[in-house]
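Notes for the structure review
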Amino acid sequence: MELIDLSDLNVNEKVKEVLRSRGIVTLNPVQSEAVRKGLLEGKRLLLTSPTGSGKTLIAELGMISHLLKGGRRAIYTTPLRALTSEKYHEFKAWESLGIKVGMTSGEYDTDDAWLRNYQLIVTTYEKLDSLWRHGPSWLFETDYFVLDEFHYINDGERGPVVESVAVKAKRRNLLVLSATISNHSEIAKWLEAEAVTTNWRPVPLREGVLVPDRGGFVVSFADGSSYKLRGNDAILAFTRKVVDEGGQVLLFRNSRRMAETTARKVAELDLEVKRKEIEDLIAKLEEVDDAGSNEKEALRELLERGVAFHHAGLSRGLREVIEDGFRKRIIKVITATPTLAAGVNLPARAVIIGDIYRFNRKILGFQEEISIMEYKQMSGRAGRPGYDSEGEAVIVVRNRRDAERVFKRYILSPPEPIQSRLGNEPAFYSFLLGLISEGESTVEQIRELARQTLLSRELVDRYLDSGIPWLEENGFIELDEKLFLTKLGRRVADLYINPFTAQVVKDVLRKNEAVECNLAYLHLLAWSPDGPFVGVSKGEEDELIENVSCPPFLDEPEDEDDFYKYVSALKIASILNDWIEEIEEDVILGRYGIGSGDLRSLVETMDWLTYSAYNVAQVLGLEEHADVLRRLNARVEDGVKEDLLEIVRVPGVGRKRGRVLFQNGLTKPEDLVMNPEKVKALLGDKIGDKVVKEAARVIGGVL
DNA sequence: GTCTGCATGCTTTAGACAGCATGTC
DNA sequence: CTAAAGCATGCAGAC
């Protein structure tokens, strides 16, 4: 394949300078192919190639050349906040060309109006979908969309949003990036783009299986090569070999518990580590302030041996320490759940896929095989540019017969085809509400738009014919020649909650008097379709039901499946109730057997839902409910009792410092500014100083 | 009485997006 | 509707 030299590239010299500063001299095969297909001339492309094959640079070239040729604005969309943030920092380099780069997501929200000043905006699919509902003028000026990790469209939960965004984005110029998919021509046709497919990788990948073999193991690769390993544990034997040869290992397991126990087993291998580096890393671990003490202790013991586990139960701070330690090659082995397969870039020489089965939440006892796409995401992490001449990815299997089947299914087959996930009521009705929120249209116009999705004509019609009456009957829309949103519908669309969640909240609040029982509201919201889910152990069930401090709105269901959801919601409500009663974080984690990462994500979701319910109650004129919900929402964000609400407005002051200050008579930002010495005495000089400055800013902002 | 080893039965099971106010990551 | 690993429990046997 002919590679394009940077100097031959038909772009502004300043663009080449930025690329040269990154050490780029020649475009790689994928990038060269994209350029040949007309990337720089604004050709619509669907680019499918493996992870880490340099697709980001293609997007950058596409966006920048578009903007330099008079394009007004480009939006780059990813499925994860972490990726959004990562890309944002990469794209910052283009500000040297006078292009302003901005970012927005639910986490780092930038004011809609302010985004008008940016030409290149990085965001998440959900945020972009939400922006379309709010309809800021600058969004309609956007004339170039990059949709990254587009294979997420095949995800049962998140896919509908990707599809919804694609339908709107494809009216403008488009660049779609995806991992390899088998039906790329069909998808390209739908997107009115040309499919460009390559299998090129910067570091070659050898994929194989790890099979028991006469007292040891044999690793067989797709290229026909193989080698033997001795030992009685396949994972340990393979890990030892790779690390002894100077490589790092990324080890995937299908549950958190397995990830943790495997990490402890690997630690017993006593791999060679550099003491000094390890000590520095452990010092960083100790500084992490958003984690539980048990989690830190477990990780400290493992880090001593150059090992760590990684899953969503860990707080962000902990995950960052681990990811950083691995990137610096201090940590030799990470045992992880699928978090690391899709997230930020974290390659290793070898990847072990410890399990190809995963427990299915819906069907008891059903061990689901992971998808080929998931396997590709995991194995794709093998091979570290600059450190490894090739990557190895192996699947652990029990016997020879499995080996053959697994080999065919995962290594020799293309990933499954992409299909629409809009074919269910919650997803479609939400999509429908979004369409109607964009402006008044007739039913036929909406039908025309909905037919732009990947869903079959028949299904679109079926869901429209049931969805429009449903939204109308429940007061979200009105039909008067044209379809338009009611006040309630508008609020629901803007809040980005599912219409079924709004419906549940509406029904229950209307039926019940307002009560001073936070638990009842928290339980209702956790139980709604947008509510999160937590596992409840057998012993916990009765305890949760017995310990309700005040009666929930919902009755205990008879049906077993419904009961499952009911107690999960009860557990979430109890956790959040402890949280706003200022129960110590370590106590909460221990009491409910959850991790710091779990707590943070529950708080985040419930924060959004309490705010949404407060707004829905307000629109419905349920003022007493709205009043309880408003106060509840204020407390959920920071996890405080009502008396601390003033003081926690100061950045750097949370539930802990807030309580210390309050107990010493400092109850509002003004008090901090008036008593800087007292603040420093209570919080220490460094933090005290910072907090006083922030308090001054908070007051200044109010005036 | 107490400790150990083993068989048996019970329990548990991945991830992560969305609002707003505030300041502009 | 098709599971499997880990951990707790309980029992027998040795000391």
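Since the structure is predicted, the reported quantities are computational estimates derived from the model, not experimental observations.

**Structural notes on the overall build of chain A**
Summing up its helical and strand segments, chain A has 31 helices and 19 strands in all. In summary, chain A has a C-alpha radius of gyration of 27 Å against a globular reference of 27 Å for 703 residues, a match within 12%. Taken over 703 residues, chain A has a buried fraction of 55%. Taking all contacts inside chain A whose residues are at least 6 apart in sequence as the whole, residues at least 24 apart take part in 68%. When the accessible surface of chain A is summed, it comes to about 31,300 Å², and 48% of that surface belongs to carbon and sulfur atoms.

**Brief notes about the protein's contact with DNA strand B**
Around DNA strand B, the structure places 40 residues, and the nearest of them are Gly106, Thr124, Ser130, Ala312 and Ser537. Here DNA strand B approaches the protein such that, of its atoms within 4 Å, sugar and phosphate make up 56%. In this structure, Gly106 approaches DNA strand B through a main-chain N or O atom, which is 2.8 Å from a phosphate oxygen. A distance of 3.3 Å separates a base nitrogen of DNA strand B from a polar atom in the side chain of Arg358. Counting residues per element, the ones that place at least two in the surface near DNA strand B are helix H4 (81–91), helix H5 (125–134), strand S15 (357–359), helix H20 (487–495) and helix H26 (596–619).

**Observations regarding the state of the cysteines**
According to the stated counting rule, one finds 1 disulfide in the structure shown. Across a sulfur-sulfur distance of 1.9 Å, Cys517 and Cys550 are joined as a disulfide pair. Torsion about the S-S bond of the Cys517 and Cys550 cystine: about 80 degrees, corresponding to right-handed handedness. In this pair, Cys517 is assigned in the loop between helix H21 (499–511) and helix H22 (518–527) and Cys550 in the loop between helix H23 (538–546) and helix H24 (560–580), connecting sequence segments 33 residues apart. When sorted by exposure, Cys517 lands in the same class as Cys550, which is buried.

**Examining the packing of H5 against helix H7 (residues 159–169)**
As a packed pair, H5 and H7 sit with axes 9 Å apart at the nearest point and diverge in direction by 55 degrees. In this view, H5 runs oblique relative to H7, as classed from their interaxial angle. Our pair here, H5 against H7, has a crossing hand that is left-handed. Taking contact as the criterion, the partners of Tyr125, Glu126, Leu128, Asp129 and Trp132 in H5 are, on H7, Val161, Val162, Ser164, Val165, Lys168 and Ala169. Across the contact of H5 with H7, the residue classes break down as 7 nonpolar, 1 polar and 3 charged.

**Here's the deal with the sheet that holds strand S14 (residues 350–353)**
A sheet is described by the order of its strands in space; here 8 strands give the open sequence S10-S9-S8-S17-S14-S11-S13-S12, paired in mixed fashion. A single partner strand is all that each edge strand has here, and the edge strands are strand S10 (226–230) and strand S12 (307–310). Strand-to-strand twist in this sheet, taken as the mean axis angle between neighbours without regard to direction, amounts to 20 degrees. For S12 and strand S13 (residues 333–336), the ladder comprises 4 bridges, and the chain directions are parallel. Paired with Phe309 across the two strands is Thr335, which belongs to S13. Running over the sheet, helix H15 (residues 372–379) touches strand S8 (205–213), strand S11 (249–252), S14 and strand S17 (391–396) and is turned about 150 degrees from S14.

**Some words on the environment of Val101**
Positionally, Val101 belongs in strand S3 (residues 101–104). In the structure, Val101 is positioned 11 residues away from Glu90 in sequence and 10.0 Å away in space, judged by C-alpha atoms.

**Focus: the side chain of Asp607**
Along the polypeptide, Asp607 turns up in helix H26. No salt bridge is formed by the buried Asp607. Its closest oppositely charged neighbour is Arg600, at 7.1 Å. The residues contacting Asp607, other than those within four sequence positions of it, are Asn633, Val636 and Glu637.

**A few points about the pattern of salt bridges**
The full count for this structure, using the stated rule, is 57 salt bridges. Asp223 is the partner of Arg206 in a salt bridge, and the nearest nitrogen-oxygen pair spans 3.4 Å. With Arg206 in strand S8 and Asp223 in the loop between strand S9 (216–221) and S10, this pair connects stretches of sequence that are 17 residues apart. A residue is classified by how much of its surface remains accessible, and Arg206, at 15% relative accessible area, is buried. A network of salt bridges, in which partner residues are shared, links Glu33, Arg36, Lys37, Lys43 and Glu194.

**With respect to the UniProt feature "coiled-coil region" (unreviewed entry) in chain A**
The UniProt entry lists residues 259–291 under the feature "coiled-coil region" (unreviewed entry), expressed in the numbering used here. For residues 259–291, the end-to-end C-alpha separation is 18 Å, with 67% helix and 0% strand making up the annotated structure.

**Description of the packing of aromatic side chains**
Taken as a whole, this structure holds 13 aromatic pairs when the rule is applied. A ring pair is formed by Trp470 and Phe476, whose centres lie 5.8 Å apart and whose planes are at 20 degrees; its orientation type is stacked. Take Trp470 and Phe476: they sit in the same class, and that class is buried. Ring geometry for Tyr611 and Tyr614: centres 6.2 Å apart, planes at 75 degrees, overall edge-to-face.

**A short note on unusual backbone geometry**
With phi around 55 degrees, Glu192 is a residue other than glycine that occupies positive phi space. Within the secondary structure, Glu192 sits in the loop between helix H8 (184–191) and strand S7 (194–197). Residue class for Glu192 comes out exposed when judged on its relative accessible area of 52%. Phi at Tyr496 takes a positive value of approximately 65 degrees, unusual for a residue other than glycine.

**Describing H15**
The buried fraction of H15 amounts to 6 of the 8 residues, a majority that puts the element mostly inside the structure. Along H15, the positions that sit buried rather than exposed are Ile372, Met373, Tyr375, Gln377, Met378 and Ser379. Elements in contact with the buried residues of H15: S8, S11, helix H14 (339–342), S14, S17 and helix H16 (400–411).

**Some words on the protein's contact with DNA strand C**
The environment of DNA strand C is made up of Arg257, Met258, Lys265, Ile363, Gly365, Phe366, Gln367 and Arg398. When the atoms of DNA strand C within 4 Å of the protein are sorted by group, sugar and phosphate make up 38%. The side chain of Gln367 places a nitrogen or oxygen atom 3.0 Å from a base nitrogen of DNA strand C. Sort the elements by how many residues they give to the surface near DNA strand C and helix H10 (residues 256–267) lands first, with 3 residues.

**A short note on the pairing of strand S19 (residues 482–485)**
Here S19 shows one buried face, formed by Leu483 and Leu485, and one open face, formed by Lys482 and Phe484. By the bridge criterion, 4 bridges tie strand S18 (residues 477–480) to S19 in an arrangement that is antiparallel. Across the sheet, the residue bridging to Leu479 is Leu483, located in S19. The turn joining S18 and S19, which pair antiparallel and follow one another in sequence, is formed by 1 residue; a positive phi near 70 degrees is taken by Glu481.

What counts, and at which threshold
Residues numbered from 1 in each chain as written. Chains lettered and ligands numbered in written order. Predicted model: local features only at pLDDT ≥ 70, side-chain atom pairs only at ≥ 80, totals over all residues. Heavy atoms only, no water. Helix = DSSP H or I, 4+ residues; strand = E, 2+ residues; numbered from the N terminus. Rg over C-alpha atoms; globule rule 2.2 N^0.38 Å. Buried < 20%, exposed > 50% of the residue type's maximum accessible area, 1.4 Å probe, protein only. Contact = heavy atoms within 4.5 Å. Areas by Shrake-Rupley, 256 points an atom, 1.4 Å probe, with all protein chains shown as cover. Near = heavy atom within 4 Å. Polar contact = N/O pair within 3.5 Å; in protein donor to acceptor, adjacent residues only side chain to side chain. Disulfide = S-S within 2.5 Å. Axes fitted to C-alpha atoms, helices over the stretch in contact; angles between N-to-C directions. Parallel < 35°, antiparallel > 145°, perpendicular 65-115°, else oblique. Left-handed = near helix turned anticlockwise from the far one by under 90°. Nonpolar A, V, L, I, M, F, W, Y, C, P; charged D, E, K, R; others polar. Pairing = 2+ DSSP bridges. Lys, Arg positive; Asp, Glu negative; His and termini not counted. Salt bridge = Lys/Arg side-chain N within 4 Å of Asp/Glu carboxyl O. UniProt positions renumbered as here; feature names shortened; annotations may be inferred. Phe/Tyr/Trp six-rings, centres within 6.5 Å; stacked < 30°, edge-to-face > 60°.

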